Amino acid sequence: MAVQFTANEDEIFKKIADAARSCSMPCYLIGGFVRDTLLGRPTKDADFVCVGDALQLATVAAQRFKPHPKVSLFKNFGTAHFKLHDGFDLEFVGARRESYQYNSRKPEVVPGTIEDDQKRRDFTINALAISLNSHDFGALVDPFNGVEDLNQGIIKTPLNPAETFSDDPLRMMRAIRFATQLNFTIYPETLAGITEAKERIRIISQERITDELNKIIKSEKPSIGFKLLYDTGLLHIIFPQMVDLAGAEFIEGKGHKDNFYHTLQVLDNTAQRSDNLWLRWAAILHDIAKPATKRFEEGHGWTFHGHEVVGGRMVPKIFNQLKLPLGEQVKYVRKLVELHLRPISLTKENITDSAIRRLLFDAGEDIDDLMKLCESDITSKNKFKVKRYLENFELVRERCKAVEEKDSIRTWQPPITGEIIMETFGIRPSRPVGTIKDAIKDAILDGVIENNYDAAFAYMLQKGEECGLTQKTGFSSQETGKGAFTPEDSNSKEPGNENKF
Ligand code: ATP
Ligand code: MG
């Protein structure tokens, strides 16, 4: 069986083949590139394995491209790498044999044959090679029936699974990641090998585990991966809080839904609406505090009061534990978890503009993502209910749009800052500063006072007095040079109402 390359690939690989011949080294394309080409998934990452010194081959090969790419040499690992101007990433490694020590995933490495090298690969579909040698250029080298497994959609280790996974436990995450990305089945013995070796995952760094987890989450249907992680017991080790969602308890004949499977459905629904990894994380975490807040109220049933707030507080802890980024991303996910019930409360009748303004203010630029999360959270099996709930959310979206056009809340900030409050009353950062600031914001959003600096300043003095504070400076609107506040891009043109929502 020969593989069809594009004209560009053919040109690149002929150059590498030429270089390998001049160095008298057998050379093969191997791994992901071969797999993805056979699957018809275009890729620009190509790995080459040569029987000999990979650093020498890469250096010689680079000379055949114009302009000459800069070669990175990793002497300690015996690998080399260069990138072509059209984005092709070429990685070179010498064929090797590996033997592992029990307590590490760093093997002892000695030079070997192409067969040795294929044996150390994780799965049959990743062990496929294509010859770049003159006598059989383009021929597939497939000692483990990888093509058959590709055709049947099977993930299978070339050698004994328990040993393969124990040698390098990251392969367990990779198996589940490929099964999810490619929608493949893990071969029963291979799957049993994961269950058997699961505890070994503990020797893998959190960063690598999370990297694979994120690849699962970025797939088209992430639930495939989470179900496999759950069924093999890996999830219990790497993300126990998510396992706590599983199961339904019954009291007085009343049960609640299994929040693990509900969460997976919400995640898949979100994945259909957005590619944003962090929105998908918000889906994973939206109900994470349901186990912690679960109560059975007699005569009423199961409740999860406050799960959105408690869940919000759990978000930074989980991000920290999983070594996920602690910057803007964690704030965004926390905010969506905290707000995920708000749009539902706005699907009732007689919702005031001020309630909509509050949601817009709290969600800010992320209102659209929040609406997507809420829509994904509808997992009823009753099609009519789903349709009705979606229509209700559509009405909330329309109200948000209308109010936003009128008042531009998304990017609005109250006219009085914490600094002004502190300076006016001569106080340090403390609780009253927040209380007064919130009171001003609420008064404006509720339409109690006008949306301008002077009205807010007067209100601040009044609220300060209620907290036992007196004005220390002669600070006023004139002295700050700030005039009346008008929302950005406001198009509220009613006379005398410019500054009122
Ligand atoms: P992708 O690039 O989509 O992650 P890939 O299969 O190319 O998929 P890489 O991590 O780029 O994965 O690795 C390239 C090749 O190296 C793999 O196809 C596989 O043959 C081999 N490989 C990678 N990681 C391992 C591992 N932990 N154990 C054994 N072989 C591995
Ligand atoms: Mg790759």
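Structure: above.
Definitions and limits used
Residues numbered from 1 in each chain as written. Chains lettered and ligands numbered in written order. Predicted model: local features only at pLDDT ≥ 70, side-chain atom pairs only at ≥ 80, totals over all residues. Heavy atoms only, no water. Buried < 20%, exposed > 50% of the residue type's maximum accessible area, 1.4 Å probe, protein only. Helix = DSSP H or I, 4+ residues; strand = E, 2+ residues; numbered from the N terminus. Pairing = 2+ DSSP bridges. Phe/Tyr/Trp six-rings, centres within 6.5 Å; stacked < 30°, edge-to-face > 60°. Lys NZ or Arg CZ within 6 Å of the ring centre and 35° of its normal. Near = heavy atom within 4 Å. Polar contact = N/O pair within 3.5 Å; in protein donor to acceptor, adjacent residues only side chain to side chain. Areas by Shrake-Rupley, 256 points an atom, 1.4 Å probe, with all protein chains shown as cover. Nonpolar A, V, L, I, M, F, W, Y, C, P; charged D, E, K, R; others polar. Domains from an automatic or database assignment.

(A) Examining the pairing of strand β5 (residues 89-94) more closely. Most of β5 is tucked away, with five of its six residues classed as buried. In this sheet, β5 lies alongside strand β2 (residues 45-50) in parallel orientation, the contact comprising six bridges. Each bridged residue has a counterpart across the sheet, and for V49 the counterpart in β5 is V93. Bridge count between strand β4 (residues 79-83) and β5: five bridges; the pairing is antiparallel.

(B) Summary view of the packing of aromatic side chains. With the rule as written, the count across this model stands at 16 aromatic pairs. Both rings, one in F239 and one in W281, keep their centres 6.1 Å apart while their planes meet at 45 degrees; by these two values the pair is tilted. With a gap of 42 residues between them, F239 in the loop between α11 (234-238) and α12 (240-243) and W281 in helix α14 (residues 277-285) connect regions that are remote in the sequence. W281 carries the same exposure label as F239, and that label is buried. One aromatic cluster is present, built from ring pairs that chain together F5, F13, F33, F48, F65, F82, F92 and F137. The ring of F178 is capped by R177, whose NZ or CZ atom sits 4.3 Å from the centre of that ring. In this structure, K290 packs its charged tip against the face of F304, placed 4.7 Å from the ring centre.

(C) Looking closely at the site of ligand 1. For ligand 1, the set of nearby residues contains 14 residues, the closest of which are R35, R121, N126, D168 and R171. The contact in question runs from an oxygen atom of ligand 1 to an N or O atom on the backbone of G32, over 3.1 Å. In this structure, R121 approaches ligand 1 through a side-chain N or O atom, which is 3.1 Å from an oxygen atom. Relative to its free-state accessible area of 580 Å², ligand 1 is covered by the protein chains to the extent of 73%. Listed by contribution, the elements that provide at least two residues to the shell around ligand 1 are α2 (32-38) and α7 (170-182). Counting residues per element, the shell around ligand 1 draws most heavily on α7, at four residues. Taken together, the residues that form the shell around ligand 1 break down as one nonpolar, three polar and 10 charged. Looking at which domains feed residues into the shell around ligand 1, each of domain 1 (7-151) and domain 2 (161-238) gives three or more.

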